[in-house]
Amino acid sequence: MTGSPSTAAAASALREDRRTIRVASVPASHVYVQHLAPVHDADDVPRITRLEDPDPDDPARPAGAKWWPPTMLEPAWVRANPGFDVMHLQFGFDARTPAQLEQLVQALRETGRPLVYTVHDLRNPHHESRDAHDAQLDVLVPAADALVTLTPGAAEEIRRRWGVEARVLPHPHVVDLETMRKASARRPRSDGDPFRVAVHVKSLRASMNPLPVVRALSEIVRELPGAVLQVNGHTDVLRPGERYDRPLAELLEQQAAAGLLELHVHDFLDDAALWAYLSSLDVSVLPYRFGTHSGWLEACRDLGTAVIAPDCGYYREQGPVFEYRNRDDDFDPDSLRAAALAAYAAGSPAPASIEDRIAERDAVARAHAQLYEELVR
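Our subject in this report is the structure included herewith.

Conventions adopted
Residues numbered from 1 in each chain as written. Predicted model: local features only at pLDDT ≥ 70, side-chain atom pairs only at ≥ 80, totals over all residues. Heavy atoms only, no water. Helix = DSSP H or I, 4+ residues; strand = E, 2+ residues; numbered from the N terminus. Rg over C-alpha atoms; globule rule 2.2 N^0.38 Å. Buried < 20%, exposed > 50% of the residue type's maximum accessible area, 1.4 Å probe, protein only. Contact = heavy atoms within 4.5 Å. Areas by Shrake-Rupley, 256 points an atom, 1.4 Å probe, with all protein chains shown as cover. Lys, Arg positive; Asp, Glu negative; His and termini not counted. Charge placed at Lys NZ, Arg CZ, Asp CG, Glu CD. 1 Å grid on protein atoms, 1.4 Å probe; cavity = no way out; pocket = protein on both sides within 12 Å on 5 of 7 lines; lining within 4 Å. Points joined across faces, edges and corners; volume = space filled by probe spheres on them. Nonpolar A, V, L, I, M, F, W, Y, C, P; charged D, E, K, R; others polar. Pairing = 2+ DSSP bridges. Axes fitted to C-alpha atoms, helices over the stretch in contact; angles between N-to-C directions. Parallel < 35°, antiparallel > 145°, perpendicular 65-115°, else oblique. Left-handed = near helix turned anticlockwise from the far one by under 90°. Polar contact = N/O pair within 3.5 Å; in protein donor to acceptor, adjacent residues only side chain to side chain. Salt bridge = Lys/Arg side-chain N within 4 Å of Asp/Glu carboxyl O.

## With respect to the overall build of the protein
Of regular secondary structure, the protein possesses 15 helices and 16 strands. Taken over the C-alpha trace, the protein has a radius of gyration of 23 Å; the compact-globule value for 377 residues is 21 Å, and the two agree within 12%. With respect to the principal axes defined by its C-alpha atoms, the protein has extents near 70 × 60 × 40 Å. Expressed as a percentage of the 377 residues in the protein, the buried residues total 50%. In the protein, once contacts between residues fewer than 6 apart in sequence are set aside, the share between residues at least 24 apart is 70%. Total accessible area on the protein stands at roughly 17200 Å², and carbon and sulfur atoms take up 51% of it. Distance between charge centres in the protein, computed from 41 positive and 56 negative side chains, equals 2 Å.

Below you can see the structure in the form of structure tokens.
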């Protein structure tokens, strides 16, 4: 049964009357930002459009895949571009000094645009010391007109450190919906399949300390019947060159030669290859010694790969994990053993419900639209 012509006309008028809010997202091309768009549009909140990342070499053109360094953080760009209502900062300010961030805030104030900042990282995973990131946060967090973060623990830390409130909105799915559908339809692993426990050392960040984790896992996995330890790493880290990590590479090669692990060295994986790799695992172990949140964890949830995560940061609040002790230089191999045994006993989890992830994404999109509307009224 369809509505009356007058009802349909009223609904059409409502859609036409919806306000459009233009958001300068930094960066717009990041998967997190892309998944802030709803799957199912709603007529009772503003329509949100996001500016494309400008090309750093020609800010008048969209950037495509190249968005670094983010042109939108230039005060001159802010003053010269009237075509947005709100700036929403996510990532990309690593190279900015506190003084430069203060200049950005001043430009936004002068032009009457509010600043929303999503606090993904309370400790920068790329920095050995926390000092530089703390100084940046000391500018951004108090200056923001609204703060968002992903977990209650992160919100509590923000409240404790700066005395301000952040809205808690969960991380939307990372893997595209079609790949998630394929993952949910794949056949269950049979009894003859190896139980794959993996550590991904990729291009090493300062937050990663895989050596003690791999050493411990090579012994732990031997206790698990039918289990295999797999280590994947990028060529730039595990082959001689500018970023070569000799101690890590030599340990992995020695253990691979001894049959204690499978070593896979490769270049950067595109999304399709990365999702196929994660789908092939039963457990992914995060070798972080500091951090806050993890998109990798979210991708594992999407694909049905269990996660063993450290107790630093707020990973356990993002989703179900098996937790072990790893904070700065405090690594506890016994807790890693307990987590691995628990993950082995539990078996591979089912991929996240696509319906639940879509509903979550729609709710997060609605919450952002409502937040922007509050700021631009």
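There's plenty left to go through after this.
## Remarks on the layout of surface pockets
Roughly 1600 Å³ of volume is contained in the largest pocket. Around the largest pocket, the lining comprises 49 residues; the ones closest to its centre are His30, His126, Lys202, Arg205 and Gly295. Where the lining of the largest pocket is concerned, the elements lending two or more residues are helix 2 (31-34), strand 6 (115-119), strand 9 (195-202), helix 11 (271-279) and helix 12 (295-303). Of the residues in the lining of the largest pocket, the class split is 21 nonpolar, 21 polar and seven charged. Taken as a whole, the second largest pocket encloses approximately 310 Å³ of empty space. Lining the second largest pocket are 19 residues, with Pro188, Arg189, Ser190, Asp282 and Ser348 positioned closest to its centre. Residue classes in the lining of the second largest pocket are distributed as seven nonpolar, six polar and six charged.

## Quick notes on empty space enclosed by the protein
Across all of its chains, the model carries two cavities of 30 Å³ or more by this definition. If you trace the largest cavity, you find it lined by His200, Lys202, Val285, Leu286, Pro287, Tyr288 and Trp296. Considering only residue class, the lining of the largest cavity consists of five nonpolar, one polar and one charged.

## Here we look at the pairing of strand 7 (residues 146-149)
Of the two faces of strand 7, both are covered, the one formed by Ala146 and Val148 as well as the one formed by Leu147 and Thr149. Here four bridges tie strand 6 to strand 7, and the two strands are oriented parallel to one another. Each bridged residue has a counterpart across the sheet, and for Tyr117 the counterpart in strand 7 is Leu147.

## A closer look at the packing of helix 8 (residues 210-220) against helix 14 (residues 333-346)
Where helix 8 meets helix 14, the closest approach of the two axes is 10 Å, and the angle between their N-to-C directions is 50°. On the basis of their axis angle, the class for helix 8 and helix 14 is oblique. Judged by the twist between their axes, the crossing of helix 8 over helix 14 is right-handed. For the pair helix 8 and helix 14, the contacting residues are Val213, Ala216, Leu217 and Ile220 in the first and Pro333, Leu336, Arg337 and Ala340 in the second. Tallied by class, residues from the contact of helix 8 with helix 14 come to seven nonpolar, no polar and one charged.

## Some points on the packing of helix 11 against helix 12
Packing of helix 11 against helix 12 leaves a shortest axis separation of 9 Å and a crossing angle of 65°. Relative to helix 12, the element helix 11 is oriented roughly perpendicular. Every pair of crossing elements has a handedness; the one defined by helix 11 and helix 12 is right-handed. Facing helix 11, whose interface residues are Leu274, Trp275, Tyr277, Leu278 and Ser279, helix 12 presents Trp296, Ala299, Cys300 and Leu303.

## Here we look at the side chain of Arg123
Structurally, Arg123 can be placed in the loop between strand 6 and helix 5 (131-143). Judged by its relative accessible area of 13%, Arg123 falls in the buried class. In terms of polar contacts, Arg123 uses its side chain to reach the backbone carbonyl oxygen of Glu128, at 3.1 Å. The contacts of Arg123, once residues within four sequence positions are left out, are Glu128, Ser129, Arg130, His133, Phe290, Gly291, Thr292 and Asp328.

## Points about the sheet that holds strand 7
Pairing is parallel across the open sheet formed by six strands, whose spatial order is 2-1-5-6-7-8. Pairing within the sheet leaves two strands with one partner each, and these edge strands are strand 2 (47-50) and strand 8 (167-168). Taken together, the two bridges between strand 7 and strand 8 define a ladder with parallel strand orientation. Considered in strand 8, the bridge of Thr149 is made with Val168. Packed onto the sheet, helix 6 (residues 152-162) meets strand 6, strand 7 and strand 8 and runs at close to 140° relative to strand 7.

## Side note on the pattern of salt bridges
The tally for this structure, following the rule as stated, stands at 30 salt bridges. Residue Glu253 is joined to Arg239 by a salt bridge in which the shortest nitrogen-to-oxygen separation is 3.6 Å. Remark: Arg239 occurs in the loop between helix 9 (235-238) and helix 10 (246-257) and Glu253 occurs in helix 10; sequence separation between them is 14 residues. With a relative accessible area of 36%, Glu253 lands in the partly exposed category. Asp330 is the salt-bridge partner of Arg325, the closest N and O atoms lying 2.9 Å from each other. The structure contains a network of salt bridges with shared partners spanning Glu298, Arg301, Asp302, Arg357 and Glu360.

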